[in-house]
Amino acid sequence: MKTIFDPLRYWVACLGGAVLMSTVNVTAVPTRLDTSPYISPNTSVPGNPPNQGEGTVKDWLQALVDAYNSVNDPDLPAVVAPPALSYSETASGVLSKTIDVSGYLYLTVHWGQGQTADHTQAWYLGGSLSSFTLTAPGPNGLSGYRLWNEVPRLPEAGATLLLLGVGLLATTGLARVKRR
C-alpha cells in the first residue's frame, strides 16, 4: 500500500501540537518568595529587608529569587531595577486591595510603619496574571507596593495560532485548486 503525503493533515497535526504546547505552564503562579525555604533559617536571606529604599528592596528581592533558583528549575529571571511601577497608599488602614498586575513578573508589598513581623512580602507573578488581591498579614494597613520586570505585551497565543492555522489551511486549499 502506497502512502501519500497529505499536506492538509500534516498542517492540522502541527497546529494541534502547537495548541497543546501553548497550554503548558512551567511555573505555578503566584509564588510567594518571602517564605521558607527561601528565607532564613534555611538561607542567608532575611525575612524582611532592613528598610524600604528602592535599592534595598531590589537587592532583597533578587536574593529571594537567587534562593528560589538554587532549589528550583526552571530558574526565575533576574530582577530589573528600577521597579516598573511604584505605588504608595494614601488612605490609612487599607487591609485588602485588588490591584492590576498585568504584564509584570514580580510584586513587593509593604505593610504598616516600621519593622513589624512580615511587613514586606514578595511574589513571582509570571507575567500572565491580570489581578492580584493584597491581604494584610496583621493589623497594619497597606503602605505601598512595587511591580518589577514589565513583560512586553504579546498577542494572545490562541488568536495567533488560530490565524496561523487559517492561513495554512487557505494556502493548502489554494495549492489543491491550482493542481486541478
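Anything mentioned here points back to the structure above.
Rules used in this analysis
Residues numbered from 1 in each chain as written. Predicted model: local features only at pLDDT ≥ 70, side-chain atom pairs only at ≥ 80, totals over all residues. Heavy atoms only, no water. Helix = DSSP H or I, 4+ residues; strand = E, 2+ residues; numbered from the N terminus. Buried < 20%, exposed > 50% of the residue type's maximum accessible area, 1.4 Å probe, protein only. Contact = heavy atoms within 4.5 Å. Areas by Shrake-Rupley, 256 points an atom, 1.4 Å probe, with all protein chains shown as cover. Pairing = 2+ DSSP bridges. Axes fitted to C-alpha atoms, helices over the stretch in contact; angles between N-to-C directions. Core = buried A, V, L, I, M, F, W, Y, C linked by side-chain atoms within 4.5 Å.

A. Spatial organisation of the overall build of the chain. Secondary structure summary: the chain contains 3 helices and 7 strands in total. In the chain, the succession of helices and strands from N to C terminus is α-β-α-β-β-β-β-β-β-α. Sorting the 180 residues of the chain into buried and exposed places 33% on the buried side. Sequence-distant contacts in the chain: of pairs separated by 6 or more residues, those separated by 24 or more amount to 73%. Surface accessibility of the chain: about 10800 Å² in total, with carbon and sulfur atoms responsible for 60%.

B. Focus on the sheet that holds strand β7 (residues 142-150). Across the sheet, which stays open at both edges, the 5 strands sit in the order β1-β5-β4-β7-β2 with antiparallel pairing between neighbours. Edge positions in the open sheet fall to β1 (31-32) and β2 (85-88), since each of these has one partner strand only. As paired elements, β1 and strand β5 (residues 120-124) share 2 bridges and run antiparallel to each other. When the bridges of β5 are listed, Arg32 appears paired with Trp123. The strands touched by helix α2 (residues 54-71) are β1, β4 (104-111), β5 and β7; relative to β7, the strand with the most contacts, the crossing angle is about 60°.

C. Spatial organisation of the nonpolar core. If you look at the biggest cluster of nonpolar residues, it comprises 18 residues, and the most contacted ones within it are Leu33, Leu61, Leu64, Leu76 and Tyr106. If you list the elements that add at least two residues to this core, you get α2, β4 and β5. At 7 residues, the largest contribution of residues to this core is made by α2. Ignoring any residue separated from it by four or fewer positions in sequence, one finds Leu64 in contact with Leu33, Asp34, Tyr38, Ile39, Val45 and Ala122. Counting 15 residues, the second largest nonpolar core, distinct from the first, contains Val94, Phe132, Ala136 and Leu142.

D. Quick look at the environment of Val29. Within the element layout of this structure, Val29 appears in the loop between α1 (7-22) and β1. Since its relative accessible area comes to 24%, Val29 is described here as partly exposed. The sequence separation of Val29 and Leu125 amounts to 96 residues, and the corresponding C-alpha distance is 5.5 Å. Sequence-distant contacts of Val29, that is, excluding residues within four places in its chain, are made with Tyr124, Leu125, Gly126, Ser128 and Leu129.

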